[in-house]
Amino acid sequence: DLLDQQKGRFVRLPDGAGPFPAIVCRTPYSNNDRIGLQRFVDAGYGIVAQDCRGRFKSPGRFYPFRETQDSLDTLAWVRAQPWCDGRIGMTGASYCAYTQWAVAGRYPAGLRAITPRVMGRDLFRDLIYQDGVFNLALAVSWGFGMAGLPVKDISPADLTKLFHHLPVNTLDEAAGGPVPFYREWLAHSTRDAYWDEFAIESRYPDINIPALHMGGWYDLYADGVLRNFVGLRERGGSLSRARQKLIMGPWTHGLNTRVLGPLDYGEQALVDLNEIEMRWLDRWVRDIPNGIEDEPPVKIFV
């Protein structure tokens, strides 16, 4: 294990001399949570788990979703390591999936496949605003938490009071703010140029790598996951149009469960997403002819 405390970067390599293909996961939720990445090491990949800028051990200031340059720099660093054979895949869900999309259309050398789970195609339409309505619950519970405000420690009664605070653009101060990016989100209440930086769909023609899309029918990103898959099949780069795969189950943001609320969807609601992801990465990162590209591109739960 190689842990660079200054850069918030954790590296684990398989046994042997190498070099190895690499799997990268960039996260704002601490690279200490890397249990799910060990399976890649066991399969012969080197893994790099990195805290996003300004989070946990990474220095700097965190600004949500402004990840393109840092993702590019990270992939370039990985590819230059003597233990890396130059072939890279990316993994991760939610924000970690966004760090994949942030770099996918920028032609990074060595990136051969991505596997984004539960992430939409446009932060304005799919997250910060939904159908034109400001997503106050997410902006407060997630946004304030990422800014370091102790919203998780607020009692339910006080949280309800906080949600009713007016005016909305000083709610961060009421929670212990200020939160500059929250104010910016409010200031851009229409789909203007501010949101272009965070729009995946505007870069579809520049995305020229295979992508395995995974989502849930009851996730807030359900619509965006479907649109990313369809958009890349129709408008993606010439090498990527036929190399898109979609899996949708009866899940929320936490994928691959069979019980949701009062409903039990049965055993068929469970899919071995990790096994499918491994086959996808083996095919496109390591060029292993496992036939996954010949299987139906869509697997949905009806």
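Below you will find a few notes about this structure. Predicted model only: the values in this text are computed from it and were never measured.

### Some remarks on the overall build of the protein
When helices and strands are tallied, the protein shows ten helices and 13 strands. The globule rule puts the C-alpha radius of gyration for 302 residues at 19 Å, and the 20 Å found for the protein is close to it. With the principal axes as the frame, the protein shows a C-alpha extent of 60 × 45 × 40 Å. Relative to its 302 residues, the protein shows a buried fraction of 51%. Within the protein, residue pairs in contact and separated by at least 24 positions form 70% of the contacts whose partners lie at least 6 positions apart. Summed over all atoms, the accessible surface of the protein reaches about 13700 Å², with 53% contributed by carbon and sulfur. In the protein, 34 positive and 36 negative side-chain charges are present, and the distance between their average locations comes to 3 Å.

### A closer look at the packing of aromatic side chains
What the rule picks out here adds up to 21 aromatic pairs. Judged by centre distance (5.2 Å) and plane angle (55°), the rings of Y129 and F134 are tilted. Accessibility assignment for this pair places Y129 and F134 in one class, buried. Their ring planes at 75° and their centres at 5.0 Å tell us that F144 and Y182 sit as a pair that is edge-to-face. Linking F144 in helix α5 (residues 136-146) with Y182 in helix α8 (residues 180-187), this pair joins segments that are 38 residues apart in sequence. On the accessibility criterion, Y182 (0% relative accessible area) is buried. Grouping aromatic residues by their ring pairs yields a cluster made of F124, Y129, F134, F144, Y182, Y194, W195 and F198. The ring of W77 is capped by R9, whose NZ or CZ atom sits 3.7 Å from the centre of that ring. One cation-aromatic arrangement involves R286 over Y45; the distance from NZ or CZ to the ring centre is 4.7 Å.

### Side note on a nonpolar patch on the surface
Residues W217, Y218, V298, I300 and V302 make up a contiguous nonpolar surface patch of about 510 Å² in total accessible area. Locating Y218 in the fold gives a position in the loop between β9 (211-216) and α9 (222-235). For Y218, a relative accessible area of 47% corresponds to the partly exposed category.

### Observations regarding helix α3 (residues 95-104)
Residue pairs three or four apart in sequence face the same way in an α-helix, which turns once every 3.6 residues. Most of α3 sits out of view: ten of its ten residues are buried. Residues of α3 that are buried: Y95, C96, A97, Y98, T99, Q100, W101, A102, V103 and A104.

### Points about the nonpolar core
Counting 60 residues, the largest nonpolar core has W101, F144, W185 and W195 as its most contacted members. Among the elements that make up this core, the one with the highest residue count is α3 (seven residues). What W185 contacts, discounting residues up to four positions off in sequence, is P64, I128, Y129, F134, A139, W142, Y194 and W195.

### Some details on unusual backbone geometry
In this structure, the amide linkage connecting G18 to the following residue, P19, adopts the cis form with an omega of 5°. Cis geometry marks the peptide bond from L166 to P167, where omega comes out at -5°. If you check the backbone angles, F56 has positive phi at about 55° while not being a glycine. By relative accessible area, which is 52% here, F56 ends up exposed. Backbone geometry places V118, a non-glycine residue, at a positive phi of 45°. With respect to the helices and strands, the residue V118 is situated in the loop between β6 (111-117) and α4 (123-128).

Calculation criteria
Residues numbered from 1 in each chain as written. Predicted model: local features only at pLDDT ≥ 70, side-chain atom pairs only at ≥ 80, totals over all residues. Heavy atoms only, no water. Helix = DSSP H or I, 4+ residues; strand = E, 2+ residues; numbered from the N terminus. Rg over C-alpha atoms; globule rule 2.2 N^0.38 Å. Buried < 20%, exposed > 50% of the residue type's maximum accessible area, 1.4 Å probe, protein only. Contact = heavy atoms within 4.5 Å. Areas by Shrake-Rupley, 256 points an atom, 1.4 Å probe, with all protein chains shown as cover. Lys, Arg positive; Asp, Glu negative; His and termini not counted. Charge placed at Lys NZ, Arg CZ, Asp CG, Glu CD. Phe/Tyr/Trp six-rings, centres within 6.5 Å; stacked < 30°, edge-to-face > 60°. Lys NZ or Arg CZ within 6 Å of the ring centre and 35° of its normal. Patch = residues over 30% accessible without salt bridge, like charges linked within 9 Å, V, L, I, M, F, W, Y side chains within 5 Å. Salt bridge = Lys/Arg side-chain N within 4 Å of Asp/Glu carboxyl O. Core = buried A, V, L, I, M, F, W, Y, C linked by side-chain atoms within 4.5 Å.

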